[in-house]
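Analysis of the macromolecular model
As a plain string of letters, each chain reads:
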Amino acid sequence: MPGRCAGRRSRRATGTTTRPAPRTGLGLAIVRAVIAAHGGTVTLAGVPGDTAFHTRLPLRTAAPGPG
């Protein structure tokens, strides 16, 4: 759903906020690298227990096609 953070979707889908095993924490680093490679940014907003990550990408128009 647009405007909702992934954590809330995950919690709603599983019914729990606990994780079955420790995570490596690479997900956000990968997202940041991909977004940065496209000229965008990733920002964090929130407080403990209610955090949101926002991504911003520049809008580019497509080049005109031949003829």
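Before any of the text, the structure's been laid out above.
So, here's what we can say about the structure. Quick caveat: nothing in here was measured; it's all calculated off a predicted structure. Each chain carries its own residue numbering, running from 1 in the written order of its sequence. Under the rules for a predicted model, residues below a pLDDT of 70 receive no local features and side-chain atom pairs below 80 are neither given nor counted, while totals for whole chains, interfaces and linings still include all residues. The basis for every side-chain value is the complete set of non-hydrogen atoms in the structure, without hydrogens or water.

Paired strands are those between which DSSP finds at least two bridges. Only DSSP runs of H or I covering at least 4 residues are called helices, and only runs of E covering at least 2 are called strands; the numbering of each starts at the N terminus. Pairing of strand 1 (residues 41-47) with strand 2 (residues 50-56), which is carried by seven bridges, proceeds in the antiparallel orientation. Within strand 2, the residue paired with V42 across the bridge is T55.

Let us now look at the environment of L44. As for its placement among the helices and strands, L44 is situated in strand 1. For every residue, the accessible area obtained with a 1.4 Å probe (protein chains only) is divided by the maximum for its type, and the residue is called buried under 20%, exposed over 50%, and partly exposed between those limits. Residue classification places L44 among the exposed positions, given a relative accessible area of 57%. Contacts between residues were defined by any pair of non-hydrogen atoms, one from each residue, lying within 4.5 Å. Once you skip the residues sitting within four places of it in the chain, L44 turns out to touch T51, A52 and F53.

Keep in mind that these numbers describe shape and distance, not what the molecule does.
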